[in-house]
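Analysis of the macromolecular model
The primary structure of each chain is shown beneath.
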Amino acid sequence: MPTKDLLSTGRAQHGIATVAGGSAAEAVTIAGLAVGDTLLLTNAATTNACYLLSVVITANTATVTWNTDPGASTLNYLVVHKDA
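To start, this report covers the structure provided alongside it. All values derive from a computational prediction rather than experimental measurement.

Rules of the game
Residues numbered from 1 in each chain as written. Predicted model: local features only at pLDDT ≥ 70, side-chain atom pairs only at ≥ 80, totals over all residues. Heavy atoms only, no water. Helix = DSSP H or I, 4+ residues; strand = E, 2+ residues; numbered from the N terminus. Buried < 20%, exposed > 50% of the residue type's maximum accessible area, 1.4 Å probe, protein only. Core = buried A, V, L, I, M, F, W, Y, C linked by side-chain atoms within 4.5 Å. Pairing = 2+ DSSP bridges. Axes fitted to C-alpha atoms, helices over the stretch in contact; angles between N-to-C directions.

1. What about unusual backbone geometry?
Phi angles above zero are rare outside glycine, and N60 is one such case at about 65°. Assignment of secondary structure puts N60 in the loop between β4 (52–58) and β5 (61–66). On the basis of relative accessibility, which here comes to 35%, the residue N60 falls in the partly exposed class.

2. Observations concerning the nonpolar core
By size, the foremost hydrophobic cluster in this structure holds 14 residues, and its most contacted members are V28, I30, L39 and Y77. At the level of secondary structure, the elements contributing two or more residues to this core comprise β1 (12–19), β3 (38–46), β5 and β6 (73–80).

3. As for the sheet that holds β5
Spatially, three strands are ordered β2-β5-β4 in an open sheet, and the strand pairing comes out antiparallel. Each of the sheet's edge strands pairs with one partner strand only, and the pair in question is β2 (25–29) and β4. For this sheet, the mean inter-axis angle between neighbouring strands, taken without regard to orientation, is 20°. One ladder, built from six bridges, connects β4 with β5; its direction is antiparallel. Residue pairing in the sheet places I57 in a bridge with A62 of β5.

In structure tokens form, the structure reads like this:
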């Protein structure tokens, strides 16, 4: 079975996002994100101990909810775009 390099074909993207904190739910802007895409999101660094509860994807935005306010935080993400 042939393999496909998703990043070089534009079917996937990765990056780092930051949030300011102050709430257990934060909107994270990810350009090109669309409903139906698959998003892998991890805490890279948080000010307060916390864990991710849910992520809701809308156009160019992932609304992330933690169990508590994460404070100023950094997230790593990988998006695999749905087939057009």
